[in-house]
Amino acid sequence: YQKRLLSLLSAEDTNEFENCISTLSKEYLNLNEPDSALKYANLYNEITIKDIHKASYGYKLLTDVYKAKNDYFKALDYHKKYNQALIRSIQIRNLDNTNRIKEENDNYYKKTRALSATLKTTSAIFSLLLLIFIIISIYQWFKLRNSCRSGNKEFEELILKLEEKENELKKLWIGNEL
C-alpha cells in the first residue's frame, strides 16, 4: 500500500489516493499497529476535512484508532464529531435530493404547461376548422335548397306548359276526330 500510495502522489485522481490512505490506516489497525494507523487516519482527515461526506468517514477512522489505543476520551470525542459530520452529510444529501426533485418537478410542470398550451392551441384550431366546415355545409345546404326550389318552380312551370300543350293537343285531336 505504501508503494501504491507513493505512485498515487503524482496522480490526479484524489479519490484513489484518499482510498489508499484510509485502507492503510485500516490495515495497520488490523495488524494491531495503532500508531501507524493514527498517522494515516490523521492524514486522511487532513485531506478530506473540507468534504463533509468524507470527513465523517475520517472521524470514524480516528474513533477506531483511538479505541485501539485505549484512549477512550479521544475516541468518544471523535465519535461525537463523526456523528455530527454524518448528520450534516445526510442533511446536505437530503437538501441536494430535495433540490433535484424540486427541479425535476419544475421541469415536469413546465413541460406539462407547454403541452397543455399546445393542446389548447390544437383544440382551438380544430374547433375553428369544425366551425368553418359547419358554416360551409349550412351555406351549401341553403344554396342547394334554393336551387331545388328554383328547380321545382321551373319544373312546375314546365309541367304547366306541358299540361297546356296537352290540352291544346287534345282540343286539336278532338277537332280532328270530328
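Undergrad: Would you explain the overall build of the protein in this entry?
TA: For the protein, the helix and strand inventory stands at five helices and zero strands. Written out in order from the N terminus, the α and β elements of the protein read α-α-α-α-α. Sorting the 178 residues of the protein into buried and exposed places 19% on the buried side. Considering only contacts in the protein between residues 6 or more positions apart, those separated by 24 or more positions represent 43%.

Undergrad: I would appreciate a short explanation of helix H3 (residues 34-48) in the present structure.
TA: With 15 residues, H3 ought to run about 21 Å at 1.5 Å a step, and its terminal C-alpha atoms sit 20 Å apart, in line with that. All of the buried residues along H3 are Pro 34, Ala 37, Leu 38, Tyr 40, Ala 41, Tyr 44, Asn 45 and Thr 48.

Undergrad: When you look at a negative patch on the surface in this model, what are you seeing that I'm missing?
TA: A surface patch of negative charge is lined by Glu 163, Glu 164, Glu 166 and Glu 168. Within the element layout of this structure, Glu 164 appears in helix H5 (residues 72-177).

Undergrad: Which parts of the structure should I look at to understand the packing of aromatic side chains?
TA: What describes a pair of aromatic rings is the distance from one ring centre to the other and the angle between the planes of the rings. Counted according to the given criterion, the structure contains five aromatic pairs. Seen from their ring centres, Tyr 28 and Tyr 40 are 5.7 Å apart, and the 5° between their planes marks the pair as stacked. Of this pair, Tyr 28 sits in helix H2 (residues 14-30) while Tyr 40 is found in helix H3, placing the two residues 12 residues apart along the sequence. For the residue pair Tyr 28 and Tyr 40, the accessibility class agrees, reading buried in each case. Their ring planes at 5° and their centres at 5.6 Å tell us that Tyr 66 and Tyr 78 sit as a pair that is stacked. Here Tyr 66 is found in helix H4 (residues 52-68), whereas its partner Tyr 78 is found in helix H5, with 12 residues between them in sequence. There is no split in this pair, since Tyr 66 and Tyr 78 are both buried. The rings of Tyr 59, Tyr 66 and Tyr 78 are connected pair by pair, giving a single aromatic cluster.

Cut-offs used in this document
Residues numbered from 1 in each chain as written. Predicted model: local features only at pLDDT ≥ 70, side-chain atom pairs only at ≥ 80, totals over all residues. Heavy atoms only, no water. Helix = DSSP H or I, 4+ residues; strand = E, 2+ residues; numbered from the N terminus. Buried < 20%, exposed > 50% of the residue type's maximum accessible area, 1.4 Å probe, protein only. Contact = heavy atoms within 4.5 Å. Expected span 1.5 Å × (residues − 1). Patch = residues over 30% accessible without salt bridge, like charges linked within 9 Å, V, L, I, M, F, W, Y side chains within 5 Å. Areas by Shrake-Rupley, 256 points an atom, 1.4 Å probe, with all protein chains shown as cover. Salt bridge = Lys/Arg side-chain N within 4 Å of Asp/Glu carboxyl O. Lys, Arg positive; Asp, Glu negative; His and termini not counted. Charge placed at Lys NZ, Arg CZ, Asp CG, Glu CD. Phe/Tyr/Trp six-rings, centres within 6.5 Å; stacked < 30°, edge-to-face > 60°.

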